[in-house]
Amino acid sequence: MRISAKGRYALAAVINMAQQYNNGEYITVISISEKLGISKIYLEQVFSMLKRGGVVKSVKGAQGGYQLVRSPEQITVLDVLSAVETSLFETAEDTVAEKAPDIETAMRSCVFEVMDKSINETLEQITLDNLVTETEKHKQENAIMFYI
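To keep things clear, this report deals only with the structure shown in the data block. (Residues numbered from 1 in each chain as written. Predicted model: local features only at pLDDT ≥ 70, side-chain atom pairs only at ≥ 80, totals over all residues. Heavy atoms only, no water.)

## Topic: the overall build of the protein
Helix and strand counts for the protein come out as six helices and two strands. Taken from the N to the C terminus, the helices and strands of the protein come in the order α-α-α-β-β-α-α-α. On C-alpha atoms alone, the protein measures out to a radius of gyration of 19 Å, which is more than a quarter above the 15 Å that the 2.2 N^0.38 rule sets for 148 residues. Reported as C-alpha extents along the three principal axes, the dimensions of the protein are approximately 70 × 45 × 25 Å. Expressed as a percentage of its 148 residues, the buried residues of the protein come to 30%. Considering only contacts in the protein between residues 6 or more positions apart, those separated by 24 or more positions represent 64%. Total accessible area computed for the protein in this model is approximately 9800 Å², and 53% of it derives from carbon and sulfur atoms. On the protein, the mean spot of the 15 positive side-chain charges and the mean spot of the 20 negative ones are 8 Å from each other. (Helix = DSSP H or I, 4+ residues; strand = E, 2+ residues; numbered from the N terminus. Rg over C-alpha atoms; globule rule 2.2 N^0.38 Å. Buried < 20%, exposed > 50% of the residue type's maximum accessible area, 1.4 Å probe, protein only. Contact = heavy atoms within 4.5 Å. Areas by Shrake-Rupley, 256 points an atom, 1.4 Å probe, with all protein chains shown as cover. Lys, Arg positive; Asp, Glu negative; His and termini not counted. Charge placed at Lys NZ, Arg CZ, Asp CG, Glu CD.)

## Observations concerning the nonpolar core
Among the nonpolar cores identified, the biggest contains 30 residues, and Phe47, Leu50 and Val80 are the most heavily contacted of them. Listing elements by their share of this core, those giving two or more residues are α1 (5-19), α2 (29-36), α3 (40-52), β2 (65-68), α4 (77-84) and α6 (128-141). Counting residues per element, this core draws most heavily on α1, at seven residues. (Core = buried A, V, L, I, M, F, W, Y, C linked by side-chain atoms within 4.5 Å.)

## Quick word on empty space enclosed by the protein
Considering all chains together, one arrives at one cavity of 30 Å³ or more under this definition. Its boundaries defined by the atoms lining it, the largest cavity holds a volume of some 50 Å³. Taken together, Met17, Gln20, Tyr21, Gly24, Glu25, Ile27, Tyr66, Gln67 and Leu68 form the lining of the largest cavity. No other element matches β2, which puts three residues into the lining of the largest cavity. Grouping the constituent residues of the lining of the largest cavity by class yields five nonpolar, three polar and one charged. (1 Å grid on protein atoms, 1.4 Å probe; cavity = no way out; pocket = protein on both sides within 12 Å on 5 of 7 lines; lining within 4 Å. Points joined across faces, edges and corners; volume = space filled by probe spheres on them. Nonpolar A, V, L, I, M, F, W, Y, C, P; charged D, E, K, R; others polar.)

In structure tokens, the structure reads:
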């Protein structure tokens, strides 16, 4: 399975938003762009998809920006990726249905459906809150220690 740059950037951006969730402020695309080193123009496209997907909401104006629609505990990786990775969640196309329907049915029931179900179940179990916790753990591991 390969997740596109759009999916990876969307996930990184919403993790960044989840880290700041408790302050209740709207976050600008520019601030996320600068913090994560992602093109502002590209992030605007990503946020448009996240908004359509019901992951973020926006407010225009001087104090505007984006905010998560639910708390980080209630937003899953599946929510984020399904908003931006449309092809990842499409049903597999028929391969040999016309000439070998028995093989097609076997592939669909034993491979494609099982794989889709497994991916969805896994991504549903991981919340933004889990990712923020993991981020904090790694932040502490990478902290520089100064000894006097």
